[in-house]
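# Per-entry structural report
Here are the chains, one letter per residue:
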Amino acid sequence: MSIMNRNRIGIILVAGIFFLGGTFQVFGNSFSLEESRRILSMVDALVSYEEYDFSGEYTIIDDKPGQGTSRTKTTIFRRDRQNTYTIIVMEPDSDKGKGYLRQGDMLWLYDPVPRRFTVTSARDRFQNSNARNSDFTKSTLAQDYRIIAHNTEKLGAYHTDVYDLEALTDEVSYPKMKIWIDQDNLVRKTEDYSLSGRHMRTTAILDYTRIRDRYVPVRIVIQDELRGREVNGQFKNYRTLISVAKPSFQELPDMVFTRAYIERVSN
């Protein structure tokens, strides 16, 4: 069986467990902004790497029912303390050499064919997958959201706290979210909503790996709740599987986070 077929089965079978709900208990829904920040800051801290540089190889497989699968391989470099990242697309050949550079609130996309940088948005889909460009930066839940409701729920093998979030800024990709947090303060599932409350996207974090005192999500499934296709009389959603190899906190040269670096490695 090919790697792509195995990953497709993983998307269909493994992720399905995480998208099922469980029993839950409702608690009080009154949270001060200070309390929201305290809770969400603990979540952010485990998957943000202010003290380290980060790099990893990301394989992104899109499963579009009735159309097959596609595979994108990238190398990602992050420096969270400066709110910057660089992404280099390695595969497929048709996109090889494309690069992304984020510096603060600015995000550029480099196309090696015309050899030109263009401004893009953190809200845009990454390489037409279900991931957004904003998914590859550090977690800023405490800065961007406040808790408006809370309950507990059994999610697969995990006992989780479930928080309904409302955005504090219009700079986020989704104005409303729901997050499932396990007993180690790790996010196991998120649901993204529009301002009107329409369910847009579901994400399941299937596996983490621990490096030093931080955690790296290494297997993620993202389901588009709006896009899909009817196959054999059944509607099936588009899904994206992201797997991370060779995660590292090794220090990176400053040059990695520049346009010149992207141009050099892409041409």
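Starting from 1, residues in each chain are numbered consecutively following that chain's sequence as written. Local features are withheld for residues below a pLDDT of 70 in this predicted model, meaning they are given only at 70 or higher, and side-chain atom pairs are given and counted only at 80 or more; totals for whole chains, interfaces and linings count all residues. Values shown for side chains rest on all heavy atoms present in the structure; no hydrogens or waters enter the calculation.

## Here's the deal with the overall build of the protein chain
In this text, helices come from DSSP runs of H or I with a minimum length of four residues, and strands from runs of E with a minimum of two, each type numbered from the N-terminal end. Along the backbone of the protein chain there are four helices and 14 strands. Within the protein chain, the proportion of its 267 residues that are buried is 48%. Residue pairs in contact within the protein chain that sit at least 24 positions apart in sequence constitute 51% of those at least 6 positions apart. Split by element, the accessible area of the protein chain, about 13,400 Å² in all, is 47% carbon and sulfur. Each residue's exposure class comes from its accessible area (1.4 Å probe, protein chains only) as a fraction of the maximum for that residue type: buried when under 20%, exposed when over 50%, partly exposed otherwise. In this description, contact between two residues means that some pair of their heavy atoms is separated by no more than 4.5 Å. Accessible surface is estimated by sampling points in the Shrake-Rupley manner with a 1.4 Å probe; for residues, cover comes only from the protein chains shown.

## As for the packing of aromatic side chains
Two measures describe an aromatic ring pair: the distance that separates the ring centres and the angle between the ring planes. Only Phe, Tyr and Trp rings take part, Trp by its six-membered ring, and two of them pair if their centres are within 6.5 Å. Stacked means planes under 30 degrees apart, edge-to-face means over 60, and tilted covers everything else. The tally for this structure, following the rule as stated, stands at eleven aromatic pairs. Here Phe54 and Phe249 contribute two aromatic rings whose centre-to-centre distance is 6.2 Å and whose plane-to-plane angle is 65°, an arrangement assigned as edge-to-face. Of this pair, Phe54 sits in strand β2 (residues 53-64) while Phe249 is found in the loop between β14 (234-248) and α4 (259-266), placing the two residues 195 residues apart along the sequence. In this pair, the class of Phe54 matches that of Phe249, namely buried.

## Things to note about the nonpolar core
One finds Leu40, Phe136, Leu141, Tyr145, Tyr163, Leu165 and Ile179 to be the most contacted residues of the largest nonpolar core, which totals 44 residues. For this core, the element with the highest residue contribution is strand β13 (residues 214-231), accounting for five residues. What Phe136 contacts, discounting residues up to four positions off in sequence, is Tyr58, Ile60, Ile76, Arg78, Tyr85, Ile87, Phe126 and Ala131. By convention a nonpolar core is built from buried Ala, Val, Leu, Ile, Met, Phe, Trp, Tyr and Cys residues, the set being connected through side-chain atoms within 4.5 Å. Grouped together as the second largest cluster of nonpolar side chains are six residues, Trp108, Tyr110, Phe117 and Ile262 included.

## Some words on the pattern of salt bridges
One speaks of a salt bridge when a side-chain nitrogen belonging to Lys or Arg is within 4 Å of a carboxyl oxygen belonging to Asp or Glu. Applying the stated rule across the entire model yields 19 salt bridges. In this structure, Asp80 engages Arg78 in a salt bridge whose closest nitrogen and oxygen atoms are separated by 2.6 Å. Among the residues examined, Asp80 registers a relative accessible area of 2% and is labelled buried. Two residues, Arg201 and Asp135, come together in a salt bridge whose shortest N-O distance is 2.9 Å. Here Arg201 is found in strand β12 (residues 199-211), whereas its partner Asp135 is found in the loop between β7 (116-119) and α3 (141-144), with 66 residues between them in sequence. Note on Arg201: relative accessible area 7%, which makes it buried. On the basis of relative accessibility, which here comes to 32%, the residue Asp135 falls in the partly exposed class. One continuous salt-bridge network, built from bridges that share partners, spans Asp53, Arg79, Arg81 and Asp254.

## Side note on the confidence of the model for the protein chain
Summarising the model, the protein chain shows a mean pLDDT of 90, and 89% of its residues fall at 70 or more. Each residue gets a pLDDT score, which is the predictor's confidence in that residue and runs from 0 to 100. Taken together, the stretch residues 1-19 has pLDDT below 50 and engages in 37 contacts with residues farther than four places along the chain or on a different chain.

## Regarding the side chain of Arg78
Among the secondary structure elements, Arg78 is positioned in strand β3 (residues 68-79). Within the local environment of Arg78, its side chain forms a polar contact with the side chain of Asp80, the two groups lying 2.6 Å apart. Contact partners of Arg78, with chain neighbours within four places excluded, come to Val47, Ser48, Tyr49, Asp53, Phe54, Thr84, Tyr85, Phe136, Thr137, Lys138, Leu252 and Phe257. Pairing of N or O atoms within 3.5 Å defines a polar contact, subject to two protein rules: one partner must be a possible hydrogen donor and the other a possible acceptor, and residues neighboring in sequence count only if both atoms are side-chain atoms.

## Details of the environment of Lys138
By the element assignment, Lys138 lies in the loop between β7 and α3. Spatially, the C-alpha atoms of Lys138 and Asn83 are 7.7 Å apart, while their sequence positions differ by 55 residues. Apart from the residues lying within four places of it in its own chain, the contact partners of Lys138 are Ser48, Glu50, Arg78, Asp80 and Asn83. A distance of 3.3 Å separates a polar atom in the side chain of Lys138 from the backbone oxygen of Asp80.

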